[in-house]
Amino acid sequence: MRSLQARIVLTTVVLLAVVCAVVGVGAAVSLRHYLGEQLAQEVSRTVGFAAGPPGGDDSGNRPPPPDAGSGFGGGDGTSRIQVRSVDGQVVSASTLGNFRSGDQPLDDSQVAPVLAVTPLQRGPGIDPNTTQPVSLPGLGTYLVQARYTSDGSVVAVGISTSRMDATVGRLALIEIVIFAIGVAVAGVAAAFATRATLRPLHRVSAIARRVSELPLERGEVELDDRVPEADADPRTEVGQVGVAFNRMLGHVAGALEVRQESETRVRRFVADASHELRTPLAAIRGYSELARRRTDDLPPEVAAMLERVGSQTERMTLLVEDLLLLARLDAGRPLARERVDLARLVADAVADAHATAPGHRWSLRLPEDPAETGFDVVGDPERLHQVVANLLANARTHTRPGTRVVAGLSRGADVVRLEVADDGPGIAPELLDHVFERFARGETGRARSTGSTGLGLSIVSAVVTEHGGRLGVTSVPGDTRFTVELPAADRQGPVRPSARAPVAGRG
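Since we're looking at a predicted model, the values are computed, not measured.

Asks: Could you clarify how one ought to interpret the overall build of the chain in this entry?
Replies: The helix and strand tally for the chain stands at 8 helices and 13 strands. Looking at the 507 residues of the chain, the share that counts as buried comes to 37%. Expressed as a percentage of contacts within the chain between residues at least 6 apart in sequence, the contacts between residues at least 24 apart total 66%.

Written out as structure tokens, the structure is:
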């Protein structure tokens, strides 16, 4: 916006400067032409007097001083010159000074250019434009006219152009000063006028900036910002922008409402379906457990089917529980808020993982002397345990036995950092940006030993986000790292010392 204002002001100043330059040059050229004509007439009158009337005695005629109002003489002893010659021989050559300065003789180098002027015949009606500019060394430029006299001699009279040049120069200087002040004043006025004109556009831009900062990708969004009526006048260009922007915001708000209603229905359906499925799944699981206790009375094929039914029921139950948890998190249901010792929680999770998958090499990495409350965070202990368990389960599920998995804790300035790393085959680059999406699976890039619902990492992402933390992942073959940063609880008051769990699984 400021660049637009600067361009408008700059354009105004440049155009005004060009106009002033054209006017100034035109005025100076016109004045010089006018003064040149006046000077030529003065030279013609002076040389006519010096040559004398036809048939009269002009041997001793001396031109009168210039008219005081003409601006071409007086005060300067070198403003006029007169040269008389007979058959090319100089009779007299001097400047025509006043009574103070007196006449001053001209030297040969100054007389030679004057003698080169073609003399005119005596008579009335001589054109003043027949004067010629002559440059005299040491004296400057003179406007000269030469005429024959009655005795056959030639008289040449010249008047200096210095005063004419000075007058035109003073005019040019005055024009430069006045035009510069005018351009500066016009530039300031244009800046204020442009700022006032663009002020409504600034307000529209501010509203657009606020709207662009709203979290429109999820949840219920209240899009109440609108361009005020004063800035939405369709009779002006800026007002037309405001009207169009308001119309666009209306369409966006309508689309967001439809999207929110659709998401709410889907979440409600998932939550209701998950809740309703828990009861029959529990019954199926119970009956399958009872049936498997009497496998001795059943044929082997039936016993194998019941075993399969039981395993699939457990998997279905886990999937339903995960969907129900995600639905609750999406609905914004508050989590428990209490002080949690993340070091103890991670140690328990690593010990559980070691018992579940002894074929992997599990390690826990902690600083040698952690502070008593160095790894405390505020949050829901069950959900945080699920975060760690899901990250370890993800490493177990997608890597082969013998893979080394390391869970480590470290402290930042205001965060507690959890890192789960493994030396497995890694995540395919095209899947790396989608690993936290729901039902995302990476069978093509990582080995699998058991089934996966594809919801584990999405639950991790939802829980970490709900706790105000950050989640990241990097992966290359032989080094995959999931990093969780949670706000530390150091500044939330004193913490009672709690017994720490033994560091299990360190190796």
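Moving on from the coordinates now.
Asks: Hey, could you run me through the environment of Val406 in this one?
Replies: Looking at the element boundaries, Val406 is found in strand β10 (residues 404-411). Each C-alpha atom of the pair Val406 and Trp362 lies 6.0 Å from the other, and the pair is 44 residues apart in sequence. Dropping the residues within four chain positions of it, Val406 is found in contact with Ser363, Arg365, Glu419, Val420 and Ala421.

Asks: Just checking my understanding: could you explain the pattern of salt bridges for this structure?
Replies: Side chains bearing opposite charge may pair, as long as their charged atoms lie close to each other. This model, assessed by the stated rule, comprises 10 salt bridges. With a closest N to O distance of 3.5 Å, Asp376 and Arg339 form a salt bridge. Residue Asp376 is located in strand β9 (residues 376-379), and its partner Arg339 is located in strand β7 (residues 338-341); the two are separated by 37 residues in the primary sequence. On the basis of relative accessibility, which here comes to 5%, the residue Asp376 falls in the buried class. For Glu485, the salt bridge identified is with Arg470, shortest N-O distance 2.5 Å. One end of the pair, Glu485, is in strand β13 (residues 479-487); the other, Arg470, is in strand β12 (residues 470-476), with 15 residues separating them in the sequence. Exposure remark for Glu485: the relative accessible area of 14% places this residue in the buried category.

Asks: I'm lost on the sheet that holds strand β11 (residues 415-422) in this one. Help?
Replies: The strands making up a sheet associate through backbone hydrogen bonding, with each pair oriented either parallel or antiparallel. Strands sit in the order β8-β10-β11-β13-β12 across an open sheet of 5 strands; the sheet is mixed. This sheet does not close on itself; its edge strands, each paired only once, are β8 (361-365) and β12. The sheet shows a mean angle of 10 degrees between the axes of neighbouring strands, taken without regard to direction. Where β10 and β11 come together, 7 bridges link them in antiparallel fashion. Directly across from Leu409, in β11, lies its bridge partner Leu418.

Asks: Teacher, can you tell me more about the pairing of β12 here?
Replies: Looking along a regular strand, one sees the side chains alternate between the two faces of the sheet. Bridge analysis of β12 against β13 gives 7 bridges, and the strand direction is antiparallel. Note on β13: the bridge partner recorded for Val476 is Asp479. Where β12 folds back onto β13 in an antiparallel hairpin, the turn is made up of 2 residues, including Gly478, whose phi is positive at roughly 95 degrees.

Asks: So what exactly am I meant to see when it comes to the environment of Ala93 here?
Replies: Among the structural elements, Ala93 can be located in strand β2 (residues 89-95). You can call Ala93 buried: its relative accessible area is 15%. Note: C-alpha distance between Ala93 and Leu106 (13 residues apart in sequence) is 5.5 Å. When residues no more than four places from it in sequence are discounted, the contact partners of Ala93 are Gln82, Val83, Gln104, Pro105, Leu106 and Val111.

Asks: I'm lost on the confidence of the model for the chain in this one. Help?
Replies: Low pLDDT means the predicted coordinates in that region are not meant to be read closely. When the pLDDT values of the chain are averaged, the result is 78; 79% of them are 70 or greater. The low-confidence segment residues 444-450 (pLDDT under 50) makes 25 contacts with residues lying over four places distant or belonging to another chain. Scored below 50 in pLDDT, residues 492-507 makes 35 contacts in the model with residues more than four places away or belonging to other chains.

Asks: How should I be thinking about the sheet that holds strand β5 (residues 140-148) in this particular structure?
Replies: Ordered in space as β3-β2-β1-β6-β5-β4, the 6 strands form an open sheet in which the pairing is antiparallel. Edge positions in the open sheet fall to β3 (104-105) and β4 (132-136), since each of these has one partner strand only. The pairing of β5 with strand β6 (residues 154-160) spans 7 bridges and is antiparallel. From the neighbouring strand, Leu143 faces β6, where its bridge partner is Ile159. Where helix α2 (residues 108-115) meets the sheet, it contacts β1 (80-86), β2, β4, β5 and β6, and its direction lies at approximately 165 degrees from that of β4.

Asks: Sorry, what's going on with the packing of aromatic side chains here?
Replies: In this description, an aromatic ring pair is defined by two values, namely the gap between the centres and the angle between the planes. Going through the model one piece at a time under the given rule, you end up with 1 aromatic pair. Ring geometry for Phe436 against Phe482: centres 6.1 Å apart, planes inclined by 80 degrees, an arrangement best described as edge-to-face. Of this pair, Phe436 sits in the loop between β11 and α8 (456-466) while Phe482 sits in strand β13, and the two are 46 residues apart along the sequence. What makes Phe482 buried here is its relative accessible area of 2%.

Thresholds, definitions, all that
Residues numbered from 1 in each chain as written. Predicted model: local features only at pLDDT ≥ 70, side-chain atom pairs only at ≥ 80, totals over all residues. Heavy atoms only, no water. Helix = DSSP H or I, 4+ residues; strand = E, 2+ residues; numbered from the N terminus. Buried < 20%, exposed > 50% of the residue type's maximum accessible area, 1.4 Å probe, protein only. Contact = heavy atoms within 4.5 Å. Salt bridge = Lys/Arg side-chain N within 4 Å of Asp/Glu carboxyl O. Pairing = 2+ DSSP bridges. Axes fitted to C-alpha atoms, helices over the stretch in contact; angles between N-to-C directions. pLDDT = per-residue confidence, 0-100. Phe/Tyr/Trp six-rings, centres within 6.5 Å; stacked < 30°, edge-to-face > 60°.

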